[in-house]
Protein chains: 2
Amino acid sequence: MITVLADGHVTSPRGWQAAVAACGIKYAHRDDLALVVSDVPATAAAVFTTNAVKAAPVLYDMALMAQGGELRAVVINAGNANACTGTDGDAAAVAMARAVETALGLPMNSVFVMSTGTIGVPMPVEKIVRGIDEAARRLSPDHGPAAARAIMTTDTRPKHCAVTVALPDGHTITIGGMAKGAGMIHPNMATMLAVVTTDAAVPRAVLDTAMRQVLEVSFNSITIDGDTSTNDTLLVMANGMSGAPPITDLTSSAGTAFLAGLTAVCQYLAHAIVRDGEGATRFVTITVRGARSHAEAKQAAMAIARSPLVKTALFGADPNWGRVLCAIGYSGATVDPNRVVLYFGGMRVLENGLPLPFDERAAHTLLDVPEVIIEADLKLGEGEATVWTCDFSYDYVRINAEYRT
Amino acid sequence: MITVLADGHVTSPRGWQAAVAACGIKYAHRDDLALVVSDVPATAAAVFTTNAVKAAPVLYDMALMAQGGELRAVVINAGNANACTGTDGDAAAVAMARAVETALGLPMNSVFVMSTGTIGVPMPVEKIVRGIDEAARRLSPDHGPAAARAIMTTDTRPKHCAVTVALPDGHTITIGGMAKGAGMIHPNMATMLAVVTTDAAVPRAVLDTAMRQVLEVSFNSITIDGDTSTNDTLLVMANGMSGAPPITDLTSSAGTAFLAGLTAVCQYLAHAIVRDGEGATRFVTITVRGARSHAEAKQAAMAIARSPLVKTALFGADPNWGRVLCAIGYSGATVDPNRVVLYFGGMRVLENGLPLPFDERAAHTLLDVPEVIIEADLKLGEGEATVWTCDFSYDYVRINAEYRT
């Protein structure tokens, strides 16, 4: 059984502590550095951006994970992405890891590094190392929420949660997480950073499989603007401090429960990123069913979710089903226009590819809400997929036209 | 030699006439129907939207062109796309063609049909047929500009031009064109309608080859919002009334001259569509060179041109080269981040993947102009491509959030 904790966070699981510091990397008068530390070595799994242009910390972490060791901590800074910063940037990523290892007396190569912010600006390494030293003295299980705030960039609110999972054998494990996102959000890991912690004991290979399985239905099913960034990283760490026996089989009852809990945490964080999408005024759930395959259903759903014309219509609560049908049409998914059925907010607006007579005002009212649901049935097969996105507002333009000024 | 005519239009070539009418399809007090007629049978070539959801007129025209006959006229209405209108829509497209054939005493299957406007609204066939009858009585070589105005939807200005081509043998041919576009513009024929006329004599197969060759470097190299519509059509018609001998070989000096003239007309119209992109405040030329192939260069250039983050940064004249590099990174084109060179308005801002120290203010000033040029050199090969787009402004959102209201 899964219980969502009120105000749960990345240090809700046993044996996890966090700390923050204000380094003055880009923002004044706010924390911009976060440390998340496990009291004991934790197994870890991570996925990274698919962008050919990868930030220095991503390259550092990829090498780190390739060594297959266990982790003790992750250090995250906001305000500077440490991307397109050349060899100095590579050195800065290493310096951040070393600084944490030194300050906390951790072994070499036990610290994961994440950066988010502006691309192409040299890292103020001294400031960051100073912040790491400060943070290292303030570790506490209570600083999870502060950590979630410290990693924000254009985010307007922190994103964190935690659930407890009651295992069949009576043990209880806790899974917590935090994330940041906003712009440049797109499947295959966009500008999103996410850290998930648990006190479950999960061998690395099992943790990796679980993460990839959950990734597909959470972070890889959201889009805000179709851009894919240089820094995206999802890190999942398990330190086993719950005392529950190791989860070695995801098909076992314990494994299934763990997967359900991990899915709950990752979907909550993915949705929180969309809800906080730059300029977003509506949270939009798009389900395509009846496609020839799951892949084609997702193709069609993502085409709808990415269409600026659909997203601006949603901002205006305009029941413009034509743009939705149009997006399905160019998605590449197999579609017979004469079979498609479309629903806006549960109201059927199109059947057999033909618009049904519906009250424009009523439809407008149905769409003029914070949570919009669009459903399409292609009537061709069993393929189904759900993705989440937000609308495209004046503020999206304002935020991104003014991002650095 | 190619000469651009001042205020040239679709009836500038010899033997072409146009007429317009106000049918009241959607807009009040404006012409919304255009006829373009050749005095004699014309060879024709056309390409259509790649969207799986095709409007009734597109399906009608595809069948018409498959018959391989010659055309005498094209009829175009604005305000209703006649898409997702079922069998009534199919009948409406046929009715439009028949009405023109009857009114002008033309043979069956000699009239091409185009519609643009809102999707999924029944066609007011009677109004349109009445308009066709009126227009048929007003044909004149002077009504080309009026025709370009009549086919506008969210366009803010008419788009038409013409060039004369002095052939080596002393003859002169004229090529004219008009187009409408605005939103839903994307390669592979988006919501764009374009009609190109010429008094050159060009066998159908040659005309078709010429059109496809020119298409790639004109209409298929522009994007506004990445959406691909249900109605896009490019029609090229040649009636031979210039008296110049038929162009049977595109590699001949006459063929080369014709191709150059056709390219000039199609590029002018394609650029005019981008300049009039919904809410556009800047015309952006993006060139990617040094790619492994032309295809990869175009992939990278289009990724830059489509990125909402790049487009909003351009609106703000923000020299945010990081977003450009990022788009190249996820474009799918082969890229070595450590080799990339980027230029904004001719100013080198990135070399070997590293930002060069440049004056933000100066760069901002360079970008704060109506015509922006972005260049990238991937330093990997000989592949080069240029595409055109516009920025993403508040007005894009306003226009599309309010489109139907």
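Residues numbered from 1 in each chain as written. Chains lettered and ligands numbered in written order. Predicted model: local features only at pLDDT ≥ 70, side-chain atom pairs only at ≥ 80, totals over all residues. Heavy atoms only, no water.

Caption draft 1: Expanded view of the overall build of chain A. Across its full length, chain A carries 11 helices and 15 strands. Here chain A has a C-alpha radius of gyration of 22 Å; the compact-globule value for 405 residues is 22 Å, and the two agree. With the C-alpha coordinates of chain A rotated into their principal frame, the extents come out at 70 × 55 × 35 Å. Split into buried and exposed, the 405 residues of chain A put 62% on the buried side. Carbon and sulfur atoms make up 54% of the accessible area of chain A, which totals about 13,300 Å². The averaged location of the 39 negative side-chain charges in chain A is 2 Å from the averaged location of its 30 positive side-chain charges. (Helix = DSSP H or I, 4+ residues; strand = E, 2+ residues; numbered from the N terminus. Rg over C-alpha atoms; globule rule 2.2 N^0.38 Å. Buried < 20%, exposed > 50% of the residue type's maximum accessible area, 1.4 Å probe, protein only. Areas by Shrake-Rupley, 256 points an atom, 1.4 Å probe, with all protein chains shown as cover. Lys, Arg positive; Asp, Glu negative; His and termini not counted. Charge placed at Lys NZ, Arg CZ, Asp CG, Glu CD.)

Caption draft 2: Seen up close, the sheet that holds strand S13 (residues 354-355) of chain B. Residue and element names in this part refer to chain B. Here 6 strands make up an open sheet; going across it, the order is S13-S12-S11-S14-S10-S15 and the pairing mixed. Each end of this open sheet is capped by a strand with a single partner; those strands are S13 and strand S15 (383-390). Inspection of the sheet shows strand S11 (residues 341-344) paired to strand S12 (residues 347-351) by 3 bridges, in the antiparallel sense. In the sheet register, Tyr343 faces S12, and the bridge partner there is Arg348. Contacting strand S10 (283-291) and S15, helix H7 (residues 294-306) crosses the sheet at an angle of about 25° to S15. Helix H9 (residues 321-330) rests against S11, S12, S13 and strand S14 (371-377) of the sheet, and its axis sits at about 130° to S11. (Pairing = 2+ DSSP bridges. Contact = heavy atoms within 4.5 Å. Axes fitted to C-alpha atoms, helices over the stretch in contact; angles between N-to-C directions.)

Caption draft 3: Representation of the domain arrangement of chain A within the structure. Residue and element names in this part refer to chain A. When its domains are assigned, chain A resolves into domain 1 (2-275) and domain 2 (283-401). A separation of 32 Å is found between the C-alpha centroids of domain 1 and domain 2. Carbon and sulfur atoms supply 58% of the area that domain 1 and domain 2 bury against each other, a total of about 1,300 Å² over both sides. Our count for the domain 1 to domain 2 interface comes out at 2 salt bridges. A salt bridge links Glu371 to Arg275; the nearest nitrogen and oxygen atoms lie 2.3 Å apart. Here the residues of the side of domain 1 that touches domain 2 are counted per class, giving 5 nonpolar, 9 polar and 3 charged. (Domains from an automatic or database assignment. Buried area = accessible area lost by both parts, 1.4 Å probe. Salt bridge = Lys/Arg side-chain N within 4 Å of Asp/Glu carboxyl O. Nonpolar A, V, L, I, M, F, W, Y, C, P; charged D, E, K, R; others polar.)

Caption draft 4: Seen up close, the environment of Ile224 of chain A. Residues and elements named next belong to chain A. Along the chain, Ile224 falls in the loop between helix H5 (204-216) and strand S9 (233-238). Look at Ile224 and you get buried, because its relative accessible area is 3%. Spatially, the C-alpha atom of Ile224 lies 6.2 Å from that of Cys390, the residues being 166 residues apart in sequence.

Caption draft 5: Representation of the side chain of Asp32 of chain A within the structure. Residues and elements named next belong to chain A. Summarising the element assignment, Asp32 is placed in the loop between strand S2 (16-21) and strand S3 (33-48). Summary of buried charges: Asp32 has no salt-bridge partner, and the nearest side chain of opposite charge, Arg30, is 6.1 Å away. Within the structure, Asp32 has its side chain in polar contact with the backbone nitrogen of Ile25 (distance 2.8 Å). Excluding its chain neighbours within four sequence positions, the residues that come into contact with Asp32 are Ala21, Ala22, Cys23, Gly24, Ile25, Lys26, Tyr27, Ile76, Asn77, Ala78 and Ala150. (Polar contact = N/O pair within 3.5 Å; in protein donor to acceptor, adjacent residues only side chain to side chain.)

Caption draft 6: Main features of unusual backbone geometry. One non-glycine residue, Cys84 of chain A, adopts positive backbone phi at about 55°. As for its position among the elements, Cys84 of chain A is in the loop between strand S4 (71-80) and helix H2 (86-104).

Caption draft 7: Representation of the environment of Thr153 of chain B within the structure. Residues and elements named next belong to chain B. If you trace the backbone, Thr153 turns up in the loop between helix H4 (144-150) and strand S6 (159-166). For the pair Thr153 and Lys26, spaced 127 residues apart in sequence, the C-alpha to C-alpha distance is 9.8 Å. When sequence neighbours within four positions are dropped, the list of residues in contact with Thr153 reads Tyr27, Arg30, Ala78, Gly79, Thr116, Gly117, Lys180 and Gly181. For Thr153, the side chain forms a polar contact with the side chain of Lys180, separated by 3.0 Å.

Caption draft 8: A look at the UniProt feature "active site" (unreviewed entry) in chain A. Under the feature "active site" (unreviewed entry), the UniProt entry names Thr191 of chain A. Judged by its relative accessible area of 13%, Thr191 of chain A falls in the buried class. (UniProt positions renumbered as here; feature names shortened; annotations may be inferred.)

Caption draft 9: Here's a closer look at the relation of the copies chain B and chain A. With an RMSD of 0.1 Å, the operation that places chain B on chain A is a rotation of 180° combined with a shift of 0.0 Å along the axis. What we have between these two chains is a two-fold relation. The C-alpha atom lying nearest the rotation axis in chain B is that of Tyr394 of chain B; the distance is 2.7 Å. (Least-squares fit on C-alpha atoms with pLDDT ≥ 70 in both.)

Caption draft 10: Representation of the pairing of S6 of chain B within the structure. Residues and elements named next belong to chain B. Counting buried positions over the 8 residues of S6 gives 7, a clear majority of the element. As defined by bridge partners, strand S1 (residues 2-4) adjoins S6 across 3 bridges and the pair is classed as antiparallel. Bridge pairing in S6 places Thr3 opposite Thr164. Two elements, S6 and strand S7 (residues 172-180), share 8 bridges in a ladder whose sense is antiparallel. Bridged to Lys159 within S7 is Ala179. Here S6 hands over to S7 after 5 residues, with Gly170 in that stretch at a positive phi of 100°.

Caption draft 11: Representation of the pairing of strand S7 (residues 172-180) of chain A within the structure. All names here are of chain A. Counting buried positions along S7 yields 8 of 9 residues, so the element is predominantly enclosed. Pairing analysis gives 6 bridges linking S7 to strand S8 (residues 193-198), with the strands arranged antiparallel. Note that in S8 the partner of Ala179 across the bridge is Ala194.

Caption draft 12: Spatial organisation of the pattern of salt bridges. Residues and elements named next belong to chain A. Scanning the model with the defined rule gives 28 salt bridges over all chains in all. With its nearest N and O atoms 3.1 Å apart, the salt bridge here joins Arg138 to Glu134. Connected via shared salt-bridge partners are Asp155, Arg157, Lys159 and Asp276.

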